[in-house]
Amino acid sequence: MATPYITPGMLLAQPAGISWKVIPTLTADTPSQLAQIQQVCWSATSVVDSYCRQPLRSVVVTETHSGPGGPRVAVDRHTQLGTLIARHRHLSDVWAVLVSPSRSFPAAWVPVPAGQFRLRTPVSFSGPVPATGPSGGSVIDVARGWIDWRQGRRGYQVQTSYSSGWAHSGLTAAAPIGATVISVDDVTGWGGPHGVAGFCYDGAATETITVSSAAATTPTILPNTTTAVQTGPGTIQLAQPLTQSHPVGAVVSALPADVIHAAVLAATVEALEGIDAIATQSLSGQLAGGTGALATEVEMLLDDYRRVV
């Protein structure tokens, strides 16, 4: 099971301006409060992704478009390079590009060899420093000759498989001090030649990590290829041993800090809109006046991450 962008432990530790003891009511017992807060965390995650029009956690996407002459497949008239515009922003890797004449039924897919396609602007990985803001575009360049006008307008079907977003997962087994391999619920986006930096969020024991490689329990085979991508539950290899121990469920994430902060504020909005009238009376004057300002701040934090095409 995936992990929300924030967990009850992270939320309770954040200065969100609300006492979580009033959620969902002033008289609710602790299990009821934790269950409601967990639901709030998932709701906040959905709010973040919905506003951005794509998941911000790392996902593997396969999509097919026609061109040239279509809105997402073109040929540069100066360089003759094929230009693909992915539906998602913040692309980190391109795993496969295949082409087929549009007139072929079924499609006669021909893989474009590795080295004949590239991301124009990949997500920036800055070594041991976790991401602090948005990066990465949506354009993939393909070497000349693979996509052209010989088949006419929309003469080719182009299938592209890529990863977008930032790695985000939760521990599925406790991680002791000194561990260099940890088990998580999703290895998507971790590892690679550049290394991926992030945080293990665990209250006072929160620490930075750098992941050098990832291994899925069952790698995903991309459609119409033999290419295996590391995605789903598995293990990640750390470049340095952990300096703290961490329990099952601790969040291990490369999401930029402003996305985490936006999720906290979105959770606050979700919680305030779901509590009863008596609990509302216990809030401070600012929060009791409504959630509009908080919702606006969520959108401001996420505007630069939002998909626009």
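Residues numbered from 1 in each chain as written. Predicted model: local features only at pLDDT ≥ 70, side-chain atom pairs only at ≥ 80, totals over all residues. Heavy atoms only, no water.

**Student:** What is the right way to look at the sheet that holds strand 6 (residues 117-119) in this model?
**Tutor:** Strand order in this open sheet of four strands is 2-3-7-6, and the pairing throughout is antiparallel. Because the sheet does not close on itself, it has two edges, and the strands there are strand 2 (73-75) and strand 6. In this sheet, neighbouring strand axes are inclined to one another by 25 degrees on average, regardless of whether the strands run parallel or antiparallel. (Pairing = 2+ DSSP bridges. Helix = DSSP H or I, 4+ residues; strand = E, 2+ residues; numbered from the N terminus. Axes fitted to C-alpha atoms, helices over the stretch in contact; angles between N-to-C directions.)

**Student:** Can you help me understand helix 6 (residues 292-302) in this one?
**Tutor:** Since the α-helix turns once every 3.6 residues, residues separated by three or four places project in the same direction. For helix 6, the set of buried residues is Leu-294, Val-298 and Leu-302. On an axial view of helix 6, the arc spanned by its buried residues comes to 70 degrees, and they lie on one face. Exposed and facing more than 90 degrees away from the buried side of helix 6 are Ala-293 and Met-300. (Buried < 20%, exposed > 50% of the residue type's maximum accessible area, 1.4 Å probe, protein only. Arc of directions from axis to C-beta.)

**Student:** Hey, could you run me through the environment of Ile-85 in this one?
**Tutor:** If you trace the backbone, Ile-85 turns up in strand 3 (residues 82-85). Sequence separation between Ile-85 and Asp-141 is 56 residues, and the spatial gap between their C-alpha atoms is 9.0 Å.

**Student:** How should the environment of Ala-175 be read in this particular structure?
**Tutor:** Take Ala-175: it is sitting in the loop between strand 9 (168-170) and strand 10 (181-184). A relative accessible area of 4% means that Ala-175 is categorised as buried. For the pair Ala-175 and Gln-244, spaced 69 residues apart in sequence, the C-alpha separation works out to 8.4 Å. When near neighbours in sequence (up to four residues on either side) are disregarded, Ala-175 contacts Ile-182, Leu-242, Gln-244, Ser-245 and His-246. (Contact = heavy atoms within 4.5 Å.)

**Student:** Just checking my understanding: could you explain the nonpolar core for this structure?
**Tutor:** Generally speaking, soluble globular proteins have nonpolar side chains that are buried together. Of all hydrophobic cores here, the largest spans 53 residues; its most connected members are Ile-6, Leu-56, Ile-182, Trp-190 and Ile-236. In terms of residue count, helix 3 (residues 257-272) provides more of this core than any other element does, eleven residues in total. If we ignore the near neighbours within four places in the chain, the residues touching Ile-182 are Leu-171, Ala-175, Gly-234, Thr-235, Ile-236, Leu-238, Leu-242 and Val-252. Val-73, Leu-91, Val-99 and Val-158 belong to the second-largest nonpolar core, a separate cluster that totals 18 residues. (Core = buried A, V, L, I, M, F, W, Y, C linked by side-chain atoms within 4.5 Å.)

**Student:** Honestly, the environment of Ala-143 in this entry has me stumped. Any pointers?
**Tutor:** Residue placement: Ala-143 occurs in the loop between strand 7 (139-142) and strand 8 (156-164). Note on Ala-143: relative accessible area 18%, which makes it buried. For Ala-143 and Gln-80, which are 63 residues apart along the polypeptide, the C-alpha to C-alpha distance reads 8.0 Å. In this structure Ala-143 touches Leu-81 and Gln-116, once residues within four positions along its chain are discounted.

**Student:** Would you take a moment to explain the pattern of salt bridges for this structure?
**Tutor:** It is possible for side chains of opposite charge to pair when their charged atoms get near one another. Tallying each qualifying case throughout the model produces two salt bridges. A salt bridge links Arg-120 to Asp-141; its shortest N-O distance comes to 2.7 Å. In this pair, Arg-120 sits in the loop between strand 6 and strand 7 while Asp-141 sits in strand 7, placing the two residues 21 residues apart along the sequence. Arg-150 serves as the salt-bridge partner of Asp-148, at 2.7 Å between the closest nitrogen and oxygen. Looking at Asp-148, the relative accessible area reads 14%, which means it is buried. (Salt bridge = Lys/Arg side-chain N within 4 Å of Asp/Glu carboxyl O.)

**Student:** What should I look at first to understand the packing of helix 2 (residues 30-52) against helix 3 in this one?
**Tutor:** When two helices pack together, their arrangement is given by the angle between the helix axes and the distance between those axes. Two elements in contact, helix 2 and helix 3, have axes separated by 8 Å at closest approach and are oriented at 120 degrees. For the element pair helix 2 / helix 3, the angle class is oblique. Crossing of helix 2 over helix 3 shows right-handed handedness. Here helix 2 contributes Val-40, Ser-43, Ala-44, Val-47 and Val-48 to the contact with helix 3, which in turn contributes Val-259, Ala-262, Ala-263, Ala-266, Ala-267, Glu-270 and Ala-271. Residue classes in the contact of helix 2 with helix 3 are distributed as ten nonpolar, one polar and one charged. (Parallel < 35°, antiparallel > 145°, perpendicular 65-115°, else oblique. Left-handed = near helix turned anticlockwise from the far one by under 90°. Nonpolar A, V, L, I, M, F, W, Y, C, P; charged D, E, K, R; others polar.)

Bear in mind that shape data such as this cannot, by itself, settle questions of function.
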